[in-house]
Structures are given as C-alpha cells and as structure tokens.
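Residue-level structural notes
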Amino acid sequence: MKARIFAEENKKWWTLAAVAFGLFMIMLDNTVVNVALPSIERDLHMSISELEWIVTAYALVFASLLITGGKLADLLGRRRIFVVGLVVFTLSSLACGLAPTAGFLIGARAVQGVGAALMNPATLSIITATFPPRQRGTAIGIWAGVSALALAIGPLAGGLIVDNINWNWIFFINVPVGIAGVIASRIFITESRDTSHEQSVDLPGLATSGLGLFALTYALIEGNRHGWGSPEIVGLFVAAAVLLAAFVLVEHRQRLPMLDLSLFRNSSFTGANIVALLVSLGMFGVFFYVSLYIQNVLGYSPTQAGAMFLPMTLLIILVAPFAGRASDRLGSRWLMGGGMTLLGVSLLLYQRAGIHSDFWTLLPAMILGGVGMASTMSPMTSAAMGAVPVDKAGVGSGVLNSFRQVGGALGIAAMGAILASYLPASVAPRSAAAGQAYVDGMHAALAVSAGIVFAGAIVAILLVHVKPQAERTHIREMEVGAA
C-alpha cells in the first residue's frame, strides 16, 4: 500500500502537496495579520503610521520582487529558489514573533516579503514543469483552492489565536509549516530550470523592474493618505513610469533579457494578465472594505466577520479544481468570461446591503462571488501558464502575480478614495449617519468595481484563445504524423 502511494506516477501529486505547504503560508499571511493589528499596537506601543507599515512593508517588497523571483527560479533552479524563499520566510516569521520593537517587526515583515516573492512564482512554475498539459489545469485549480483555503482560515485563525493565546503566535505557526515544507520539497520536488543554451543575470532588468514596481505599489498604497496630487505621490508615479519604461527599453535591447517581451505577442498571455489585473482591481477591495462594513457598521467581531466570508471562500476551494479540470477540456476563454460576469453580478448584489443588514442579505453576493472567482482564477492561470514555454514558466508566473498584486493595491486604493469622498468629517465616527455614509460610499465603490469586472469579461472573451487540451494534443499528433 505504502509503495503504491509513493509510486513514481503519484510523485507529481506529492510535489503539488509540497508546493501547497509554502503557498498556504504566503496566502495565510495576507489575512491573518490584519486581525492582530490592535493587539500589536497595544503591546509594542505603535503609532497608526507604524501599524500601517506592518502590512505595507510586506506588500511592497512582495510585489516589487515577483518578476525577479520568477527569473531567479528559471535561472538557478525552481526547487532551489522555492526552498530558499521558504527558509527566508520561515526564519523571518520567527523574527516577527520575537519582535521587541515596532521597527524590528516592520523590518522582519519586509524580509518576509522577500521570501514570499521568491516562493510564489516558483510554485506555479514547478507545477507547470511537473504536470503534463492534460492535468495542468486540475493542478492549478487545486493551487487556487489552497490559496482560497488560506485566505478563508486567516481571519478565523487570527481571531482565535489573538483571543486565546497571543498575537506572536500568528507568526510562530509559520515555523512548523515551513519546516515541513522544506522537508517535503527536498523529498518530492524534482529540480527544473530554463535549459536554454545561454543564461545570464540581467542586472539592469532586475533593477529597473524592482524599483519601478516598488515606486508604483508604494504610490498606490499611500495615495489616499498623502493625497493623489501631493508632490510625493506624483513624484512616485513619475518615477514608476520612467523606471518601467526603462525596463521595457532595456529588455527590448538586451540579447538575453530577463523578460522576453515577445511573450506579450501571444494574445492569450496578454489577455490573462489583463484579466488578472482587472479581477484583482475589482475584488481585492471587497475583502478589505466589506470586512470593515461587517465589523464597523453591522457590529460583528473580527472572528464573526471572517466566518461570514466562509461561503465565498469555501466555494472557491470546492469549485476551483473543477474549473481547472474544465479548462483542460473546454479551454479557458468562456470559463473566464462567465466567471467574470458572475463576479460583476455579485458586486451589484451588495447594493442590497444597508446599516441593518445581516448575514442572509450578504449570502447571495458571497455565493455568486465564490463561484465567479473560482471560475475565473483557475482558467486564467491556466491560460497564462499554457501560453508560456515551460523554460520561461518562472518569469511567466512572476509577471502574472505582479499584475495581480498591482491590481489589488490599485483596487484597495480606488475603493478607499471613493469611500472617503462619501464620509463627512463632521459626523461622529460610530453614529448612524456615519454608518449610512459608509454604506453609500461602499455602494458607489462596488458599482465601479462591477463595471471593471464586466470589462474583464469582455477582455477574456476577445483576447484569450487557448485551445482545450484535447484539441492541442490532437493537433500535435497530426503535426508529428505529418513530419
């Protein structure tokens, strides 16, 4: 029995399990920390700006280094970079839990972002290199389900840990998971890398992409606080534009570029990345600002708020593998278009929410949102990775995740700006008038998000043309026979 479980034909599924360990940690850290912020603020005597940097430091470094992490995985070995990132993330999590001061914790969170940026692109590139095309969509669906599981457990786990133990343990729980992930990676993941004839480190590309994404992400995160017309934010946007334009120019002229720009000639790769940007732009703000609505307007606890999102996240967990399998058979185009349409409808259903709503008012939007997210994310990822040569899987994954992260930061910033325009400074923060103003702002922001998501459905249908796997296999067999 044991020999059959660990047989060679099952090794790829154990590889997926090993990759899932690391992915689970990254995604869990996106949500589990938010619940603990008030306790961290009290224990370390932090200011509000320092508290914001606990989240911002991680997000900034993570988004800035994703393409770099993907390229290093292709160049130096995907298993090697995944394990290095896992070790960095695990050790920095331990440092976060032991942090004696605000500055130490913020610095450790930035190092966590480095580890996550090395790990995240490697997870997808390992899956792409390990699974044959006919099973790749299924594997990516499970990958998406694990992401959703971590996001779902995060608020609940964070609330329970903070209420019953201490905030330090939201970081300490990463340590045993990270150790198990390193052991599993060494046993089950086969090393793979870009086997092109010539390889080199593109230092100008690494520098311009990393600094450009850093400036762009920082401006998006801090725009509402400093003001979108302030010299700091305008300067950052200008710097980001100059640096990213320099990156494109450098990559166009490099003999061995970090990012082969010809990948974007493939309409499916371009379309999948645009959809990644738009779905993140439309949906990231939902998790953030609807969570605040549930707690600050409806009066639920952080743990209860996390539980209210369970229908959405559980549906993503359950539907994502089936959506991935369906993309293998049917192609990604119409699944993405249909999924984005469902997401748009779910965002419009939040217009029913008011200051006296309850779980049952929000449930239809949560259900449609869960099915729509799962029907979009797995096929979208399959379309992007299916359009990239296996040798370039790390860079392709880094680009896709960069589009997602920038879209998420832009979505939170855009929704925040719309909400802020509805909140009068003269109204008492916890009054009914303040609650109604927040609801009105949320309705306006989610209506804009719905329009963005509907636009993403059109992009998916027009640009994504990846054929179903059965058809691709049949074409290849005909080509081989003709040869």
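Residues numbered from 1 in each chain as written. Predicted model: local features only at pLDDT ≥ 70, side-chain atom pairs only at ≥ 80, totals over all residues. Heavy atoms only, no water.

**A short note on the overall build of the protein**
Scanning the protein from N- to C-terminus turns up 19 helices and zero strands. Looking at the protein as a whole, 54% of its 483 residues qualify as buried. Across the protein, the fraction of contacts at a sequence separation of at least 24, relative to all contacts at a separation of at least 6, is 83%. By element, 69% of the accessible surface of the protein is carried by carbon and sulfur atoms, the whole surface being about 19,500 Å². (Helix = DSSP H or I, 4+ residues; strand = E, 2+ residues; numbered from the N terminus. Buried < 20%, exposed > 50% of the residue type's maximum accessible area, 1.4 Å probe, protein only. Contact = heavy atoms within 4.5 Å. Areas by Shrake-Rupley, 256 points an atom, 1.4 Å probe, with all protein chains shown as cover.)

**Thoughts on the packing of helix α6 (residues 102-130) against helix α17 (residues 393-422)**
Two numbers describe how α6 lies on α17: the axes approach to 8 Å, and their chain directions differ by 130°. By the angle between their directions, the pair α6 and α17 is classed as oblique. With respect to the hand of their crossing, α6 and α17 are arranged in right-handed fashion. Here α6 contributes Asn 120, Pro 121, Leu 124, Ser 125 and Thr 128 to the contact with α17, which in turn contributes Ala 393, Gly 394, Ser 397, Gly 398, Leu 400 and Asn 401. A breakdown of the residues in the contact of α6 with α17 according to their chemical character gives four nonpolar, seven polar and no charged. (Axes fitted to C-alpha atoms, helices over the stretch in contact; angles between N-to-C directions. Parallel < 35°, antiparallel > 145°, perpendicular 65-115°, else oblique. Left-handed = near helix turned anticlockwise from the far one by under 90°. Nonpolar A, V, L, I, M, F, W, Y, C, P; charged D, E, K, R; others polar.)

**Some details on the packing of aromatic side chains**
Here the structure, examined in full by the defined rule, presents five aromatic pairs. Both rings, one in Tyr 58 and one in Phe 62, keep their centres 5.8 Å apart while their planes meet at 40°; by these two values the pair is tilted. Residue Tyr 58 and its partner Phe 62 are both found in helix α3 (residues 48-64); the two are separated by four residues, about one turn of the helix. With a centroid separation of 6.3 Å and an interplanar angle of 90°, the aromatic rings of Trp 167 and Phe 171 are classed as edge-to-face. Each member of the pair, Trp 167 as well as Phe 171, carries the same accessibility label: buried. Every member of this aromatic cluster is reached through a ring pair, and the members are Tyr 58, Phe 62 and Phe 89. (Phe/Tyr/Trp six-rings, centres within 6.5 Å; stacked < 30°, edge-to-face > 60°.)

**Quick notes on α17**
Here α17 is 30 residues long and its end C-alpha atoms lie 44 Å apart, about the 44 Å a rise of 1.5 Å per residue gives. Where burial is concerned, most of α17 is hidden: 21 out of the 30 residues are buried. (Expected span 1.5 Å × (residues − 1).)

**Digging into helix α11 (residues 231-253)**
For α11, spanning 23 residues, the distance from its first C-alpha to its last is 33 Å, which sits close to the expected 33 Å at 1.5 Å a residue. What α11 keeps buried is the set Ile 233, Ala 240, Phe 247 and Glu 251. Taken together, the buried residues of α11 touch α10 (203-226).

**Here we look at the side chain of Thr 208**
Secondary-structure assignment places Thr 208 in helix α10. Owing to a relative accessible area of 12%, Thr 208 belongs among the buried residues under this scheme. Beyond its immediate sequence surroundings of up to four residues, Thr 208 is in contact with Leu 243, Ala 246 and Phe 247.

**Describing the nonpolar core**
Counting residues in each nonpolar core, the largest one holds 123 residues, and the members touching the most others are Ile 54, Tyr 293, Tyr 350 and Met 380. By residue number, the principal contributor to this core is helix α2 (residues 11-44), which donates 15 residues. Sequence-distant contacts of Tyr 293, that is, excluding residues within four places in its chain, are made with Leu 298, Ala 353, Gly 354, Ser 357, Leu 362, Tyr 438, Val 439 and Met 442. (Core = buried A, V, L, I, M, F, W, Y, C linked by side-chain atoms within 4.5 Å.)

**Quick notes on a nonpolar patch on the surface**
Taken together, Ile 179, Ile 183 and Ile 187 make up a surface patch of nonpolar side chains, about 290 Å² in accessible area. Here Ile 183 shows up in helix α9 (residues 174-188). Residue Ile 183 is classed as partly exposed on the basis of its relative accessible area, which comes to 49%. (Patch = residues over 30% accessible without salt bridge, like charges linked within 9 Å, V, L, I, M, F, W, Y side chains within 5 Å. Salt bridge = Lys/Arg side-chain N within 4 Å of Asp/Glu carboxyl O.)

**Looking at the confidence of the model for the protein**
Considering every residue of the protein, the mean pLDDT works out to 79; 88% of them sit at 70 or more. Confidence drops under pLDDT 50 across residues 469-483; counting only partners more than four residues distant or on other chains, this segment forms nine contacts. (pLDDT = per-residue confidence, 0-100.)

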